[in-house]
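# Report on the structure
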Amino acid sequence: MNYLSTRGQAAPQRFTDILLEGLAPDGGLFLPERYPQVDAGTLTRWARLSYAELAHEILALYIDDIPHADLCELAARTYTAEVFGSAAITPVLPLGRSGLMLQRLSEGPTLAFKDMAMQLLGRLFEYELGRRGQRLNIVGATSGDTGSAAEVALQGKRGVQVFMLSPHGRMSPVQQAQMYGLQDAHIHNLAVQGVFDEAQDMVKAVAGDLAFKRAHAIGAVNSINWARLLAQVVYYFAGYLQAERKLGEPVSFTVPSGNFGNVCAGHVARMMGLPIDQLVVATNENDVLDEFFRTGTYRVRPASQTLETSSPSMDIAKASNFERFIADLLERDGAQVARLFAAPEFTLTPDQMARVHQRHGFASGRSTHAERLAAMRWAWAEWQEVIDPHTAAGLHVAAQHARDGVPMIVLETAKAAKFGATVQEALGFEPPLPPALQALLAAPPRVQVIPPDVALLRQYIEAHDHG
Ligand SMILES: *Cc1c(COP(=O)(O)O)cnc(C)c1O
């Protein structure tokens, strides 16, 4: 399988090359040259597999430069009941008779769905770097959950250092502790005085400088990394197979969205032939995606207009994975994709938007703080479920899009314990903190506060790179 850039100007690459690279050299994002197709017979066979076996089957469709036996072992060591709490790994819970279901994606070590991909990525990195005898400096930006998931997955992995930028003072105390509490000299926490998008821009500037990138073996773990997206494709299949449908009948998913990584994996699953009716994109007040799906206009906001909300992991002004979907929508017309994303905003034609909704099944909605609190109270009153504010954003929007006879799976993107203050506000009590989290909260914080200055970031990486 070859991987091509969404902008069409990069040489085709193999999986393990893009695993270590991130952005394509032409500024685009890598996509597989085609989506392998899955038919009813395959689904029937996959319904009998464990999560790790399912992961192996799907990974093997896209990865042909790692031997099957090794891939199988990597998947088996990643998706274990010890790490993810149950044999199902991502159990699906029907919410009464509402037709709504919760798929639990947050049972991993950092209590957010990011672990689903990051735990695999950590093992893939260690495997491939070991095979090549290379080092890798991961430079990433996080609005909260990516950073901790990456750091926990990569700590102690040979050949890897992590430089993680986060928006200073904008993450929950638990999110901060999950990063800053890690006592590992190969983990560097840099708190940027600005919003997430400014931190993200710094990462893009460093990764976009090819000479610097090569000299310092810079890699990425943010959601533009195709391997992460691929790992996320697996749980759409796992969710579908647990939804108690006759195989072949559709289900819908609602996805609390920020950078469009999670729901983009759903799009890939749908392109592979998984019977998905609707893919519902749920945003918060930072509704650049909802605006696009409603109006056809994609209008990136300036960082100064990014609101700080009670669902901070969705507080983004531009959706870095969105270009992948647009590339598929435009049937991989790289020149057109490049043109669209060079502009501060673009508007698709009514015909194109009809394809977005009908052929690709996308719908969307947004929520306010008050609506998320109401959804949290609803889940507690109806089903005695304590959900976090991101999942609440999903539940709120899912209820508006549910169709009779089609199960609607809401992806649970974080555990409530991560966002105790908002749970307290909604329900009047705080969910208990797991003991491992309490220890991180008590640990001395390891973090450096820096201004949003790319030159400073470069200097810091140069000073700490052991190449
Ligand atoms: C990262 C994250 C999101 C947004 O996911 P994207 O892949 O960026 O769309 C939503 N909720 C939580 C809890 C997250 O950590």
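Provided above is the structure to which this section pertains.
In short, a report on the structure. (Residues numbered from 1 in each chain as written. Predicted model: local features only at pLDDT ≥ 70, side-chain atom pairs only at ≥ 80, totals over all residues. Heavy atoms only, no water.)

Before going further, it helps to spend a moment on the sheet that holds strand β10 (residues 276-283). Overall, mixed pairing links the six strands, which are arranged β3-β4-β14-β9-β10-β13 in an open sheet. The two strands at the open ends of the sheet, each matched to only one other strand, are β3 (92-94) and β13 (362-366). Pairs of neighbouring strands in the sheet enclose a mean axial angle of 25 degrees, with direction left out of account. Bridge count between β3 and strand β4 (residues 100-104): three bridges; the pairing is antiparallel. Residue pairing in the sheet places Val 92 in a bridge with Gln 103 of β4. Strand contacts of helix α13 (residues 288-295): β10 and β13, with the helix running at about 130 degrees to β13, the strand carrying the most contacts. (Pairing = 2+ DSSP bridges. Helix = DSSP H or I, 4+ residues; strand = E, 2+ residues; numbered from the N terminus. Axes fitted to C-alpha atoms, helices over the stretch in contact; angles between N-to-C directions. Contact = heavy atoms within 4.5 Å.)

Another aspect to go through is the packing of aromatic side chains. The geometry of an aromatic ring pair comes down to the distance between the two centres and the angle between the two planes. This structure, assessed with the given rule, holds 26 aromatic pairs. Ring centres of Phe 293 and Phe 362 lie 5.0 Å apart, and the angle between their planes is 20 degrees; this geometry places the pair in the stacked category. Taken together, the residues span a long stretch of sequence, with Phe 293 in helix α13 and Phe 362 in strand β13 at a distance of 69 residues. Clustering of aromatic rings is evident, with ring pairs tying together Phe 260, Phe 292, Phe 293, Tyr 298, Phe 322, Phe 325, Phe 341, Phe 346 and Phe 362. The side chain of Arg 458 reaches across the aromatic face of Phe 212, ending 5.5 Å from its centre. (Phe/Tyr/Trp six-rings, centres within 6.5 Å; stacked < 30°, edge-to-face > 60°. Lys NZ or Arg CZ within 6 Å of the ring centre and 35° of its normal.)

Turning to helix α17 (residues 369-383), a few remarks are in order. Between its first and last C-alpha, α17 extends 21 Å over 15 residues, near the 21 Å set by a 1.5 Å rise per residue. For α17, the set of buried residues is Arg 372, Leu 373, Ala 375, Met 376, Ala 379 and Trp 383. For α17, the arc enclosing every buried residue in end-on projection is 160 degrees, short of the 170-degree limit, so these residues lie on one face. Looking at α17, the residues exposed on the side facing more than 90 degrees away from the buried face are Ala 370 and Ala 381. In this structure, the buried residues of α17 make contact with β4, α18 (389-401) and α19 (420-427). Looking one or two residues past α17, Gln 384 carries a phi angle of roughly 55 degrees, positive in sign. (Expected span 1.5 Å × (residues − 1). Buried < 20%, exposed > 50% of the residue type's maximum accessible area, 1.4 Å probe, protein only. Arc of directions from axis to C-beta.)

Once that is clear, we can look at the packing of α13 against helix α14 (residues 322-329). At a minimum axis separation of 13 Å, α13 and α14 run at an interaxial angle of 20 degrees. The orientation of α13 relative to α14 falls into the category roughly parallel. Crossing handedness for the pair α13 and α14: right-handed. Residues Leu 289, Phe 292 and Phe 293 of α13 form the contact with α14, whose participating residues are Phe 322, Phe 325 and Ile 326. Each residue belonging to the contact of α13 with α14 can be placed in one class, and the counts come to six nonpolar, no polar and no charged. (Parallel < 35°, antiparallel > 145°, perpendicular 65-115°, else oblique. Left-handed = near helix turned anticlockwise from the far one by under 90°. Nonpolar A, V, L, I, M, F, W, Y, C, P; charged D, E, K, R; others polar.)

Remember, this is a structural readout, not a statement about activity or role.
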